[in-house]
Amino acid sequence: MRRAMRIAAALARSRASSRGTSTAATAAATTPTTEQLQHDPRPYEEIPGPKPLPILGNTWRLFPVIGQYTISDVARISQLFHRHYGRITRLTGLIGRPDLLFVFDADEIERVYRQEGPTPFRPSMPCLVKYKAEVRRAFFGELPGVVGVHGEQWREFRTRVQKPVLQPQTVRKYIGPIEAVTDDFIRRIEQIKDDSGEVPGDFDNEIHKWALECIGRVALDARLGCLGGELAPDSQPQKIIDAAKYALRNVAVLELKAPFWRYIPTPLWTHYVRNMDFFVQVCMKHIDAAMDRLREKRRSGVEVPESELSLVERILAKETDPKMAYILALDLILVGIDTISMAVCSILYQLATRPEEQDKIHRELMRVAPDLDRPLTTGHLDRAHYTKAFIKEVFRMYSTVIGNGRTLQHDMVLCGYHVPKGVQVVFPTLVTGCMEEFVEDAKTFKPSRWLKESTGQKLHPFASLPYGYGARMCLGRRFADLEMQVLLAKLLRRYKIEYKHEPLKYKVTFMYAPDGQLRFNMLDRTRSAATPCSTE
């Protein structure tokens, strides 16, 4: 009865509004409060969203020619859903997968995160789940890692590896190695830029090489040789880069379009499996070499304190089965190469097109670390507050990961609707991070909002979550932050970065990043500073 009365009141209010006779008092009297909707929520079926067709459901919207959307439209689709349907949108009828529920409310997102238990279920990569759980189950066994894994298997694996991965002292050990990789990257820039200082249009591939070299140093305890010159197409480093791009950038195609690959070995699925097998072989090769080095250290009779061991050595020292290190390395490489690379592409593009912001960061870096010949330290990076704020602001407005999500483990009320267990809830942070309800002056690019002195500004902590939240927060986030901060500290003290071509649009591959050639001009500040007419 109460629901019927509420619906009738809502219809009356809608009619009054269409006739121009609605008043604020009427709306206040007839609109259910949040508390009322929590106790008497609307049915799940009433959540607005695109209407599915018989048989084809909503999957047809992603078909070539007749469809409304393409896979690269995922970011725009989220924005359209919010504009057309409001705080919550239900996308039903996706063949072979459960409903997707888009929630554009940071308060509700926070409630979901804070109510989850010790083993949150994050919907991700059914293709990777199938690979680990079925195709190569004999290899992955009962502890298949943290990516695409859920429940107790996920919890046990994460518990056993997260201490060395997340400990600040472990991460700090890698400032020097990552700086060495970045020095090689700068030498590579000097090799490839032309007389005007412009780098080639495929500079994103060079960024991928840098990212792979950094991750290889962390996850495999090895230098992979990505930055020594031109890579042959059949070289191992280039094959790793290509395999990572293919595996991640075809996830959306495998999962959102009709999933025939679940039942027959389609060409796309066959290629995916071949890529994953290649990843596993690479990881085994380098982890076995790290294990041999650890054995040699032990045979030498010299006691090596744990603090002096690398990340890989610390895991191998505690685990009797090297598979733990194999699988952790695989997960870090698989999700790290393209993610960090595309984030850096976006950050550099925003720096190149925002010269005033770039100058602020340059001045800060020269203040905290003026000597380019001295190694970077934790103290240097800790004091680069505006540099870190700039990265956060890029992630807020141009979030590389367009959203996070959870599969509900119990029924919940969201935005006034009863949502049953098992529904996949999507948190489109690319949208919520730019909503005035949650971020003051949201349309303005303003890194200063992240500084301590700006605490009075409205900035909802759950509006922008580039690494997720809670127990399933990104395991490699500390290393990702370190790699990006070291790169900016090295590049921006050395170069002024410019972009003089047509503005680039952003699109989704697997990540959200600028679409087009990154033909940056890298103008050497150190040379201009040495000339008599320099104004630096």
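Analysis parameters
- In this convention, every chain numbers its residues from 1, walking through the sequence in written order.
- Per-residue local features are limited, in this predicted model, to residues with pLDDT of at least 70; the limit for side-chain atom pairs, both in listing and counting, is 80 or more; totals at the level of whole chains, interfaces and linings are taken over all residues.
- As a rule here, side-chain values come from all non-hydrogen atoms in the structure, and water together with hydrogens is ignored.
- Note on conventions: DSSP H or I runs of at least 4 residues are helices, E runs of at least 2 residues are strands, and numbering of each starts at the N terminus.
- Here's how the labels work: a residue is buried when its accessible area is under 20% of the maximum for its type, exposed when over 50%, partly exposed in between, all with a 1.4 Å probe on protein chains only.
- Residue contacts are counted whenever heavy atoms from the two residues lie within 4.5 Å of one another.
- The Shrake-Rupley method, run with a 1.4 Å probe, gives the accessible areas here. Residue values count only the displayed protein chains as cover.
- Only one rule defines a salt bridge in this text: a Lys or Arg side-chain nitrogen within 4 Å of an Asp or Glu carboxyl oxygen.
- Here, strands pair whenever DSSP counts at least two bridges between them.
- Whenever a helix is involved, its axis is fitted only over the stretch in contact; in every case the axis is a line through C-alpha atoms, and angles between N-to-C directions fall within 0 to 180 degrees.
- Only buried residues count toward a nonpolar core, which is a set of Ala, Val, Leu, Ile, Met, Phe, Trp, Tyr and Cys residues joined through side-chain atoms within 4.5 Å.
- In this analysis, rings of Phe, Tyr and Trp, with Trp reduced to its six-membered ring, are considered paired at centre separations within 6.5 Å, and the interplanar angle assigns stacked below 30 degrees, edge-to-face beyond 60, and tilted for intermediate values.
- Lysine NZ or arginine CZ positioned within 6 Å of the ring centre and within 35 degrees of the ring normal marks a charge as sitting over the ring.
- In this scheme, a helix's expected span is set at 1.5 Å multiplied by one less than its residue total.
- Note that the arc is computed from the directions linking the helix axis to the C-beta atoms.

Undergrad: Residue-level account of the overall build of the protein chain, with values.
TA: The helix and strand tally for the protein chain stands at 22 helices and 10 strands. Here the protein chain holds 536 residues, and 54% of them are scored as buried. Restricting the contact set of the protein chain to residue pairs at least 6 apart, pairs at least 24 apart contribute 73%. On the protein chain, roughly 24300 Å² of surface is accessible, and the fraction owed to carbon and sulfur atoms is 55%.

Undergrad: Report on the pattern of salt bridges, specifying residues and quantitative values.
TA: Inspection of the entire model under this criterion finds 33 salt bridges. Its salt-bridge partner being Arg160, residue Glu156 comes within 3.1 Å of it at the nearest N-O pair. Here Glu156 and its partner Arg160 are both found in helix H8 (residues 151–166), four residues apart, which amounts to about one turn of the helix. Residue classification places Arg160 among the partly exposed residues on the basis of a relative accessible area of 33%. Several salt bridges share partner residues, and in doing so they unite Asp184, Arg187, Glu213 and Arg223 into one network.

Undergrad: Provide a residue-level description of the sheet that holds strand E6 (residues 424–427), including the pertinent values.
TA: By way of backbone hydrogen bonds, the strands of a sheet pair with one another, either parallel or antiparallel. In spatial order, the strands read E1-E2-E6-E3; together these four strands make up an open sheet with mixed pairing. Of all strands in the sheet, those bounded by a partner on one side alone are strand E1 (88–91) and strand E3 (404–407). When the angles between neighbouring strand axes are averaged without regard to direction, this sheet yields 20°. Of the pairings in the sheet, the one linking strand E2 (residues 100–103) to E6 comprises three bridges and is parallel in character. Within E6, the position partnered with Phe102 by the bridge is Val426. Contacts from helix H4 (residues 74–85) reach E1 and E2, with the element oriented near 115° to E1.

Undergrad: I'd like a description of the nonpolar core, backed by residues and values.
TA: By size, the foremost hydrophobic cluster in this structure holds 133 residues, and its most contacted members are Phe203, Phe279, Leu348 and Phe520. With 21 residues, helix H16 (residues 323–352) is the single largest residue contributor to this core. Aside from chain neighbours lying at most four places away, what touches Phe203 is Phe185, Ile189, Ile192, Leu348, Leu518, Phe520 and Met522. In terms of nonpolar packing, the next biggest core, distinct from the first, is built from 19 residues, Val103, Leu414, Tyr417 and Val419 among them.

Undergrad: Give me the packing of aromatic side chains: which residues, what numbers.
TA: A full pass over the atoms with the stated rule returns 23 aromatic pairs. Aromatic side chains Phe81 and Phe102 sit 5.1 Å apart centroid to centroid with 80° between the ring planes, which places their arrangement in the edge-to-face category. On the criterion of sequence distance, the pair formed by Phe81 in helix H4 and Phe102 in strand E2 is long-range, its members being 21 residues apart. Each residue in the set Phe185, Phe203, Trp210, Tyr349, Tyr398, Tyr499, Tyr506, Tyr512 and Phe520 is aromatic and connected to the rest through ring pairs, giving one cluster. One cation-aromatic arrangement involves Arg42 over Tyr417; the distance from NZ or CZ to the ring centre is 5.5 Å.

Undergrad: Any details on helix H14 (residues 267–299)? Residues and values, ideally.
TA: Helix length check: H14, at 33 residues, gives a terminal C-alpha distance of 48 Å against a target of 48 Å (1.5 Å per residue), a fit within 8%. Positive backbone phi, at 85°, marks Gly301, one or two positions downstream of H14.

Undergrad: Any details on helix H17 (residues 355–368)? Residues and values, ideally.
TA: Over its 14 residues, H17 extends 20 Å from the first C-alpha to the last, a length consistent with the 20 Å expected when each residue adds 1.5 Å. Listed in full, the buried residues belonging to H17 are Glu357, Gln358, Ile361, His362, Glu364, Leu365 and Val368. Buried residues along H17 cover an arc of 165° about the axis, so they all sit on one side. More than 90 degrees from the buried face of H17, the exposed residues found are Glu356, Arg363 and Arg367.

This is a description of form; function is not addressed.
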